[in-house]
Amino acid sequence: MYPDFCEIFGKDIYIVGGAVRDRFLGIDVVDIDIASAIHPYDFKDLCKSLGYKTFDTGIEHGTVTVLIDGKPYEHTTFRTDISCDGRNANVSFSKTIEEDLSRRDFTINAIALLGEKIIDPYNGQNDLKNKILKTVGTAEERFSEDYLRIIRAARFASRLKMSIDTDLLIAAKELAPKITQHVSVERISDEFKKAQGHAKEFLKVLYSMNILDVLFDSTKDHHANELWWEEVGRAAQYDIETYFAALARPNGDKNKVESICREYKLSRSIIRFSCQLVEHLPYFNTGEFSIEKSYQILKTCGDNSSRLLNYLQNVIEQPEPRPALEQTLNQLLVELDGFEPSSGVIV
């Protein structure tokens, strides 16, 4: 349960966004965002008078974080869009919750609570019930305001197991090429990170919306491959390095993998393992492997040694049973008890 913000502040304070959506879905609410007509500096003064500490999270955009009983809540003053360029919006503060909700991306995210009163001008509850993802207003207009919303649509549809409204799907396919022209690679990568918990389904929806071909032009031949979707889904169960390595693997070539990882500004640990995976995987697929040679590979992998073995055993699907490989991997796993990954030395 969450605090009674109206009682705390003595003002009309609305709960908005994902917290409302997840409440109606019966999902545990983690982060709670609040909104009101109160100007950000006035909200800071109000918090100060009540003894609550605040942080200027994004005060130039109207957002101030307040700590209540040690827990942070982001308060954003109602806003309305003046202009958008596909990435950033010029906004002004507004007076009503209805104006604020009108600029939201999807109907399921355009519901607000004032105490127990529900404000739902776009029938988001109905769309949640019917499991259909729709935009607020026309899809073309919403996406043109911020093209990242096309990827967000795929993430919400896959995470919540929702079907996609026909108009939304048509607009997404038409405007998908705009994503890489207007959206930073960091924001795109962040969407993939948020989708790690449902990666297989995410790829499937991205493919249906023609987004994979836009983001990863060099691996088009793999995008319809359900075995790849399943491999990425298994990889995502482990860690971020294994997950992104599976995403990058269809590039095949070490230099190409490094290039795409750097293009999307991924961490050094992700780049390192992704390159090691595509470099060494062909050896284990040849059928001509030995414990000795495998040890040499592990030495070069250093602290990614167990990660590589895990990928071979639990992530990649072998086209047919390979008992010799399985025996080799099992022996290597036993021997890893005497392996110091950080130094790459077998002791």
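Residues numbered from 1 in each chain as written. Predicted model: local features only at pLDDT ≥ 70, side-chain atom pairs only at ≥ 80, totals over all residues. Heavy atoms only, no water.

(A) The packing of helix α11 (residues 199-208) against helix α13 (residues 226-235), seen in detail. Where α11 contacts α13, the two axes come as close as 7 Å, and the packing angle between them is 145°. Crossing hand, α11 versus α13: right-handed. Contacts between α11 and α13 involve Ala199, Lys200, Leu203, Lys204 and Tyr207 on the former and, on the latter, Trp228, Trp229, Glu230, Val232 and Gly233. Of the residues belonging to the contact of α11 with α13, the class tally is 6 nonpolar, 1 polar and 3 charged. (Axes fitted to C-alpha atoms, helices over the stretch in contact; angles between N-to-C directions. Helix = DSSP H or I, 4+ residues; strand = E, 2+ residues; numbered from the N terminus. Left-handed = near helix turned anticlockwise from the far one by under 90°. Contact = heavy atoms within 4.5 Å. Nonpolar A, V, L, I, M, F, W, Y, C, P; charged D, E, K, R; others polar.)

(B) A look at the pairing of strand β3 (residues 54-58). Examined bridge by bridge, β3 and strand β4 (residues 63-68) share 3 bridges and lie antiparallel to one another. Across the sheet, residue Phe55 finds its bridge partner in β4, namely Thr65. Remark: 4 residues form the turn of the hairpin made by β3 and β4, two consecutive strands paired antiparallel; Gly62 in that turn has positive phi of roughly 95°. (Pairing = 2+ DSSP bridges.)

(C) Highlighting the pattern of salt bridges. Under the counting rule described, the total for this entry stands at 22 salt bridges. The salt bridge partner of Arg262 is Glu258, with a shortest N-O separation of 3.0 Å. Taken together, the positions of Arg262 and Glu258, both in helix α15 (residues 254-263) and 4 residues apart, correspond to about one turn of that helix. Within the structure, one salt-bridge network assembled from shared partners comprises Glu141, Arg142, Glu145 and Arg149. (Salt bridge = Lys/Arg side-chain N within 4 Å of Asp/Glu carboxyl O.)

(D) Layout of the nonpolar core. Within the largest apolar cluster, 89 residues are counted, with the highest numbers of intra-cluster contacts made by Phe5, Phe143, Ile179, Phe192 and Ile211. Take this core: its biggest share by element is 9 residues, from helix α16 (residues 268-285). When sequence neighbours within four positions are dropped, the list of residues in contact with Phe143 reads Phe106, Thr135, Arg149, Ile150, Ala153, Leu168, Ala171, Ala172 and Leu175. By size, the runner-up hydrophobic cluster in this structure holds 11 residues, among which are Val16, Ile97, Ala110 and Leu114. (Core = buried A, V, L, I, M, F, W, Y, C linked by side-chain atoms within 4.5 Å. Buried < 20%, exposed > 50% of the residue type's maximum accessible area, 1.4 Å probe, protein only.)

(E) Representation of the sheet that holds strand β5 (residues 71-77) within the structure. With respect to topology, 7 strands assemble into an open sheet ordered β3-β4-β5-β2-β1-β8-β9, the strand pairing being mixed. In this open sheet, the two edge strands, each paired with only one partner strand, are β3 and β9 (117-119). Taken pair by pair, the neighbouring strands of this sheet meet at an average axis angle of 35°, ignoring direction. By the bridge criterion, 3 bridges tie strand β8 (residues 112-114) to β9 in an arrangement that is antiparallel.

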